[in-house]
Amino acid sequence: MIPIRRVGALAVALAVALAVAPGLAGCGSGSGSRGGGGGGGTPGGPASVVRAYDINPVARDRVADGGVLRWGINEYPANWNLNHIDGNLATVKRVMDAMMPSPFRSDAKGKISPNTDYLTEGRVTSREPAQVVTLTLNPRAKWSDGTPITWEDYRAQWQALNGRDAGYRVASTTGYQDIEKVARGRDDHQVVVTFAKPFGDWQSLFAPLYPRSTNATPEAFNNAWLNRVPVTAGPFAFVAFDPTAKTVTLARDDRWWGDRAKLDRIIYRSLESDALVGAFSNGELDTFDVGPSAPDYARARSTPDAIVRQAAGPDFRHITMNGESAVLSDPKIRRAVAMGINRQAIAQSDLQGLDWPIVLLNNHFFMNTQEGYQDNAGEIGTYDPGRAGRELDAAGWKLEGQTRRKGGRELNLRFVLPSGLQLAKSEAELVQDMLGRIGVGVTLQSVPGDDYFTKYIIPGNYDITAFAYVGTPFPVSSSYGQYADAVRRPDGARQWNANLGRIGSPRIDAAMRKATADLDDARAIADTNAADKLIWQAVNVVTLYQRPQNIAVKSDLANFGARGFYDLRYQDIGFVR
């Protein structure tokens with residue numbers, strides 16, 4: 001399992017057949033939000049069939065009542081506010097999805113519909129003179145402290161996430177910054193959202209929803225969920241943290257108004273990545289995310305009474321450079337480094353043995369097989385060590401023996417990686433060898449998995465790193481933050497929020513805002529690709545490949561696995577009778 005930010009996202013990229021040849025645009029049509037998925041293999045060539053989702057769907061009456069799901073994770077977060085930059089982690093999402101409201105849900109094809117446990121209706125009720133969205137809430141929905149979920153919770157979240165108060169350390173302001181006001185409708189259970197600017201992915205907002213008490217002040221937003229889960233509103237409720245055992249325990253919430261949860265409890269257990277497969281094979285876990293690890297994939301598949309469920313999702317592996325590091329603040333150096341990395345060799349090393357097509361991804365928003373995909377990488381994505389060396393020469397970094405120097409300083413990059421993860425170690429060693437050939441030194445720094453994001457990547461304490469972004473059914477809107485320019489804090493300092501590469505510009509922001517404002521799908525796709533070209537030119541996130549969702553599970557576990565775009569119904573997860 002690899003450290004994965006939840007931040008990033010791609011549009012609906014549900015390839016049922018993934019082409020083996022790199023750079024093939026999708027040729028099918030799909031449904032859902034912008035740029036629907038669908039794709040085919042290379043004409044006349046081989047293709048690897050991959051499911052859109054693989055969760056062993058079983059009717060609720062065939063799922064046993066009771067039982068404990070032991071779920072392996074690879075980090076033990078401190079902040080459980082998913083909308084906070086420090087809490088914006090895939091692990092936090094996996095836990096909080098069992099307990100927190102989201103007004104909309106996605107099916108396996110990326111089609112969005114109201115999540116009727118929280119929302120009876122949600123639609124655009126006006127387009128002129130302004131876009132207005134009306135949400136009618138389920139009046140039965142309540143927080144675990146008995147407080148009804150009302151329009152005031154929605155207003156408070158908009159006020160916290162709209163970017164107007166930099167004291168809130170938000171992961172993203174996307175969409176919220178385009179809202180003019182959030183008002184009460186016909187009663188407390190109707191929300192009227194008026195946009196100052198059109199926002200096509202309005203269904204992506206308020207997911208998850210936190211109570212107004214959380215969003216009332218920067219202090220509450222930033223600190224109320226540190227090692228705490230004070231209130232919930234889902235089929236499961238929080239029970240306890242155990243920092244010694246590194247577990248998080250949830251239990252069925254009998255106050256839940258929807259379908260009763262099948263499981264009694266879910267116990268999340270954090271282990272180093274290289275220990276997860278052993279715990280699963282030894283019967284200590286019921287599931288864990290294998291990720292792109294061929295040895296773990298093979299071992300999990302050989303475990304008795306187990307299976308690895310695999311699906312095509314919106315997740316991608318990448319290399320990120322820190323634009324505020326001493327050397328990489330120069331875009332010419334970032335450009336040369338990118339051209340000095342053989343992405344195809346890394347993809348081959350990572351994916352071999354996973355029953356997954358080895359295809360480079362050359363777009364930050366769309367998958368290779370998706371309608372709307374186009375290769376925007378250009379020269380930056382082309383492996384050309386000769387040209388990389390010449391560009392370093394032109395920037396004043398001259399070879400002296402095996403290394404480059406400028407003004408007596410050696411050109412050396414610090415590659416930070418989480419300990420216990422062989423995949424990241426292999427990638428780092430490959431990058432070290434590749435860049436060494438053009439005279440760029442790379443020092444590997446292995447750090448504890450629990451500290452990797454919070455102490456190194458989020459604060460910008462690194463030069464170069466590799467991890468994965470996990471997507472949603474929404475295109476630019478849910479990945480806006482990872483490419484957005486910095487904002488100014490009250491003290492004048494720059495705050496990058498979810499942009500972990502610390503590279504952005506007003507021009508990129510404007511292009512992404514234009515794409516999110518489009519209500520016409522064809523225009524949205526064109527504007528999304530225009531924004532993507534600018535991101536490639538800035539050399540922030542260097543994409544590698546679509547990451548397969550490989551989820552090891554006990555074979556009798558139902559309604560759970562590799563979900564693709566499908567939003568799991570935690571109340572339906574359980575063991576087959």
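Just above, that's the structure.
Summary of the structure given here. All values reported here derive from a predicted model rather than from experimental measurement.

As for the overall build of the protein
Helix and strand counts for the protein come out as 14 helices and 28 strands. If you take every contact in the protein between residues at least 6 apart in sequence, the share linking residues at least 24 apart comes to 72%. Just so you have it, the protein exposes about 20,500 Å², and 48% of that area is on carbon and sulfur atoms. Here the protein contributes 65 positively and 62 negatively charged side chains, and the mean placements of these two sets differ by 1 Å.

Thoughts on helix H14 (residues 521-538)
For H14, spanning 18 residues, the distance from its first C-alpha to its last is 26 Å, which sits close to the expected 26 Å at 1.5 Å a residue. Listed as buried for H14 are Ala524, Ile525, Asp527, Thr528, Asn529, Ala531, Asp532, Leu534, Ile535, Trp536 and Ala538. On its buried face, H14 is in contact with helix H7 (331-339), helix H8 (343-351), helix H12 (476-483), helix H13 (506-517) and strand E25 (541-546). Of the residues flanking the start of H14, the one acting as N-cap is Asp520, its side-chain oxygen 3.3 Å from the backbone nitrogen of Ala522.

Focus: the sheet that holds strand E18 (residues 403-406)
Spatially, three strands are ordered E17-E18-E19 in an open sheet, and the strand pairing comes out antiparallel. The open sheet has two free edges, formed respectively by strand E17 (398-400) and strand E19 (409-410), since each of these has just one partner strand. Alignment of E17 against E18, held across three bridges, turns out to be antiparallel. Note on E18: the bridge partner recorded for Lys398 is Arg405.

Regarding the pattern of salt bridges
The final tally for this structure, using the stated rule, is 39 salt bridges. One salt bridge connects Asp65 with Arg577, and the closest N-O pair in it is separated by 3.6 Å. Here the residue Asp65 occupies a position in the loop between strand E3 (47-49) and strand E4 (68-73), and Arg577 occupies one in the segment after strand E28 (574-575), the gap between them amounting to 512 residues. With a shortest N-O distance of 2.9 Å, Asp97 and Lys93 are connected by a salt bridge.

Details of the environment of Ala311
Inspection of the secondary structure puts Ala311 in strand E15 (residues 306-311). Distance from Ala311 to Asn550, taken between C-alpha atoms, is 7.0 Å for residues 239 residues apart in sequence.

Here we look at the packing of aromatic side chains
A complete count under the given rule lists 23 aromatic pairs for this structure. Seen in terms of ring centroids, Tyr176 and Phe206 are 5.4 Å apart; in terms of plane orientation they differ by 90°. Their pairing is edge-to-face. Here the residue Tyr176 occupies a position in the loop between helix H2 (151-161) and strand E9 (179-184), and Phe206 occupies one in the loop between strand E10 (190-195) and helix H3 (212-215), the gap between them amounting to 30 residues. For the pair formed by Tyr176 and Phe206, the shared burial category is buried. Centroid distance Phe195 to Phe199: 6.2 Å. Interplanar angle 20°. Geometry classified as stacked. Judged on exposure class, the residue Phe195 and its partner Phe199 are both buried. Here the aromatic cluster, defined as three or more aromatic residues joined through ring pairs, consists of Phe316, Tyr452, Phe453, Phe467 and Tyr469.

What to know about the packing of H13 against H14
Closest axis-to-axis distance for the H13/H14 pair is 8 Å, and the angle between their directions is 160°. By the criterion of interaxial angle, the relationship of H13 to H14 is roughly antiparallel. Once H13 is placed against H14, the crossing between them reads as left-handed. Residues Arg507, Ile508, Ala511, Met512, Lys514 and Ala515 of H13 form the contact with H14, whose participating residues are Ala524, Asp527, Thr528, Ala531, Leu534, Ile535 and Ala538. The residue makeup of the contact of H13 with H14, split by class, is nine nonpolar, one polar and three charged.

A look at the sheet that holds E10
In spatial order, the strands read E7-E8-E10-E9; together these four strands make up an open sheet with antiparallel pairing. The open sheet has two edge strands with one neighbour each: strand E7 (119-126) and E9. Across this sheet, the average inter-strand angle for adjacent strands is 15°, counted without regard to direction. Relative to E10, E9 runs antiparallel, the two being bridged by five bridges.

What about the nonpolar core?
Counting 106 residues, the largest nonpolar core has Met96, Tyr268 and Met512 as the members making the most contacts within it. Filtering out sequence-adjacent residues up to four positions away, Tyr268 remains in contact with Trp71, Ile73, Arg94, Val95, Ala98, Lys246, Thr247, Val248, Leu250 and Tyr570. Within the second largest apolar cluster, 58 residues are counted, among which are Ile346, Ala395, Ile438 and Trp536.

Topic: the packing of helix H5 (residues 273-281) against helix H6 (residues 294-301)
If you want to describe how two helices pack, look at the angle between their axes and the distance between the axes. Taken N-terminus to C-terminus, the directions of H5 and H6 make an angle of 10°; their axes are 9 Å apart at the nearest point. Compared by their axis directions, H5 and H6 come out roughly parallel. Residue-level inspection shows Ser273, Val277, Gly278, Phe280 and Ser281 of H5 in contact with H6, the latter providing Asp296, Arg299 and Ala300. Of the residues belonging to the contact of H5 with H6, the class tally is three nonpolar, three polar and two charged.

Section: the environment of Ser126
By the element assignment, Ser126 lies in strand E7. Each C-alpha atom, one on Ser126 and one on Trp536, is 36 Å from the other, the two residues being 410 residues apart in sequence. Apart from residues no more than four positions distant in its own chain, Ser126 is found in contact with Gln131 and Val132. Here the side chain of Ser126 touches Ala130 through a polar contact of 3.5 Å, landing on its backbone oxygen.

Definitions and cut-offs
- Residues numbered from 1 in each chain as written.
- Predicted model: local features only at pLDDT ≥ 70, side-chain atom pairs only at ≥ 80, totals over all residues.
- Heavy atoms only, no water.
- Helix = DSSP H or I, 4+ residues; strand = E, 2+ residues; numbered from the N terminus.
- Contact = heavy atoms within 4.5 Å.
- Areas by Shrake-Rupley, 256 points an atom, 1.4 Å probe, with all protein chains shown as cover.
- Lys, Arg positive; Asp, Glu negative; His and termini not counted.
- Charge placed at Lys NZ, Arg CZ, Asp CG, Glu CD.
- Expected span 1.5 Å × (residues − 1).
- Buried < 20%, exposed > 50% of the residue type's maximum accessible area, 1.4 Å probe, protein only.
- Polar contact = N/O pair within 3.5 Å; in protein donor to acceptor, adjacent residues only side chain to side chain.
- Pairing = 2+ DSSP bridges.
- Salt bridge = Lys/Arg side-chain N within 4 Å of Asp/Glu carboxyl O.
- Phe/Tyr/Trp six-rings, centres within 6.5 Å; stacked < 30°, edge-to-face > 60°.
- Axes fitted to C-alpha atoms, helices over the stretch in contact; angles between N-to-C directions.
- Parallel < 35°, antiparallel > 145°, perpendicular 65-115°, else oblique.
- Left-handed = near helix turned anticlockwise from the far one by under 90°.
- Nonpolar A, V, L, I, M, F, W, Y, C, P; charged D, E, K, R; others polar.
- Core = buried A, V, L, I, M, F, W, Y, C linked by side-chain atoms within 4.5 Å.

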